[in-house]
Amino acid sequence: MQEQVKAMQAAVERAGAELAAGAVAWEEGTARFEALLQRQFAAQRRTEHDAQRTADAQARVNAVARRAYTRPLPETWTLVTTVDPLALTRSLETLNVLRRIGATQRGAVEALARQRAGSQDRADQLAGLRRLAQEEQARLDAQLEALQERSAAVLAQLE
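Residues numbered from 1 in each chain as written. Predicted model: local features only at pLDDT ≥ 70, side-chain atom pairs only at ≥ 80, totals over all residues. Heavy atoms only, no water.

## A closer look at the overall build of the chain
Quick reminder of the rule: Each helix is a run of DSSP H or I of at least 4 residues and each strand a run of E of at least 2, with the numbering of both proceeding from the N terminus. Partly exposed residues are those whose accessible area sits between 20% and 50% of the maximum for their type, while under 20% is buried and over 50% is exposed, using a 1.4 Å probe and protein chains only. In this analysis, two residues are considered to be in contact whenever any of their non-hydrogen atoms come within 4.5 Å of each other. Only the protein chains shown count as cover for residues, with accessible areas throughout obtained via the Shrake-Rupley method and a probe of 1.4 Å.
Assigned secondary structure in the chain consists of three helices and zero strands. Along its sequence from the N terminus, the chain presents helices and strands in the succession α-α-α. Counting across all 159 residues of the chain, residues that qualify as buried make up 22%. Partitioning the contacts of the chain with sequence separation of at least 6, the portion at a separation of at least 24 is 89%. Surface exposure of the chain reaches about 11,400 Å², of which carbon and sulfur atoms provide 57%.

Here's what the structure looks like:
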């Protein structure tokens, strides 16, 4: 009888140590999961900020395009056939403005393209973090379920 009690005590101690180690591992996993969630939230905020910056860049491109369409480049034949001596000067000034607008338009379009590419990279990172968080959550759930099952098995042995 005394040997049975000692064997049960030893089994309980082993099970207790096993469950305690499992609980510590689960808590460590939970801490990793929390850190991962914080990274995910930070990435989400960056992605939202990027979306606003992309919208701003698109608005700049649209404004430059509107300006270019409302002040179109004059036809060469119009400049040659004009009788007004100041028309040529105004047209040349308009050409200079349009050249500057064209450079601005190119710059705005390039900035928009860079912003979209950066936004896509950060969106991909966010998707990766979300996937990792889901995998970690599933792993933690499985680990907790295994601990609960082991605990129930230990209790059943003690009865």
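## Overview of the nonpolar core
To keep it simple, the criterion reads: The criterion is simple. A nonpolar core is a set of buried Ala, Val, Leu, Ile, Met, Phe, Trp, Tyr and Cys residues joined through side-chain atoms within 4.5 Å.
Within the largest apolar cluster, eight residues are counted, these being Phe33, Leu36, Leu37, Ala43, Leu126, Leu129, Ala133 and Leu140. Those elements that place two or more of their residues in this core are helix 1 (2–70) and helix 3 (85–158). Contact partners of Ala133, with chain neighbours within four places excluded, come to Phe33, Leu36, Leu37 and Gln40.

## Here's the deal with the side chain of Gln40
For Gln40, the position within the fold is in helix 1. Once residues within four sequence positions are removed from consideration, Gln40 is found in contact with Leu126, Leu129, Arg130 and Ala133.

## Points about the pattern of salt bridges
Defined as follows: Within this document, salt bridges are pairs made up of a side-chain nitrogen of Lys or Arg and a carboxyl oxygen of Asp or Glu, the two lying within 4 Å of each other.
Enumeration over the complete set of coordinates arrives at five salt bridges. Put simply, Arg32 and Glu136 hold a salt bridge, and the shortest N to O gap is 3.8 Å. Remark: Glu136 occurs in helix 3 and Arg32 occurs in helix 1; sequence separation between them is 104 residues. When its relative accessible area of 14% is taken as the criterion, Glu136 is described as buried. A salt bridge links Glu135 to Arg131; the shortest N-O distance between them is 3.6 Å. Here the residue Glu135 and the residue Arg131 both occupy positions in helix 3, the gap between them amounting to four residues, near one helical turn.

## Some details on the environment of Arg60
Secondary-structure assignment places Arg60 in helix 1. Residues Arg60 and Val109, 49 residues apart in the sequence, show an inter-C-alpha distance of 8.6 Å.

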